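# Tertiary structure, described
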Amino acid sequence: MEDRDIVTLYWQRDEEAIRQTDRQYGRYLSAIAFHILADREDSRETVNDTYLRAWGSMPPHRPQVLATYLGRITRQLSIDRWRTRGRAKRGGSQYALSLEELGDCVSGAATPEEALDLAELGRAIGDYLRTLPLPARRAFLCRYYYADSLAETARVCGISVPAVKSQLYRTRQGLRTYLEKEGFDI
């Protein structure tokens, strides 16, 4: 079934939309959730919450690319769940490891002023990523957006794990330099 047909089912409030979404995107959404949460049960609940959120948001939204729309919902719900679980359970997730790797380039916000700065930081990171060759951008997004493991990132990029580690290191160093030039305190 095509994305536009599934979206139409959502707009018609037809429960078949959920079944078709799960059939077409269930594994993709589960992978996103699991990479962040490192827990199968939490991942299943997050994917179900994604379906609920999609049901509640269509209408009025009519996403052009359903996979991206659902992936973004799943990622945000997973991050929210990860944050509320507490520090004790964080150890094994790829999300925690990827955040640790990025820690020397960017940090979180504690005040509203810093939150505004984060929006500008996000734009700057996007600008930097657009300067990268496609393989380096793909590796960065796999690791730091989708929270894929190094092995999974290497598989997607078609290179070895040591090569992906090296590429990600160089990309982080380049990002740090770029952000410093743009006036961000790192």
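Now for a quick tour of the structure. The model shown is predicted, which means the values in this text are computed figures rather than measured ones.

## With respect to the environment of Pro135
- Note that Pro135 resides in helix H7 (residues 134–144).
- Distance in space between the C-alpha atoms of Pro135 and Cys157 is 6.7 Å, their sequence separation being 22 residues.
- Beyond its immediate chain neighbours, meaning those up to four positions away, Pro135 contacts Cys157 and Gln167.

## A word on unusual backbone geometry
- Backbone torsion omega between Met58 and Pro59 reads -15°, so that peptide bond is classified as cis.
- In this fold, Pro59 is placed in the loop between helix H3 (40–57) and helix H4 (66–85).
- Cis geometry is found at the peptide bond from Pro59 to Pro60, where omega equals 15°.
- Structurally, Pro60 is set in the loop between H3 and H4.
- Of note, the phi angle at Ala38 is positive, near 55°, even though the residue is not glycine.
- Along the chain, the position of Ala38 falls in the loop between helix H2 (16–37) and H3.
- You can call Ala38 partly exposed: its relative accessible area is 32%.

Scoring rules and cut-offs
- Residues numbered from 1 in each chain as written.
- Predicted model: local features only at pLDDT ≥ 70, side-chain atom pairs only at ≥ 80, totals over all residues.
- Heavy atoms only, no water.
- Helix = DSSP H or I, 4+ residues; strand = E, 2+ residues; numbered from the N terminus.
- Contact = heavy atoms within 4.5 Å.
- Buried < 20%, exposed > 50% of the residue type's maximum accessible area, 1.4 Å probe, protein only.

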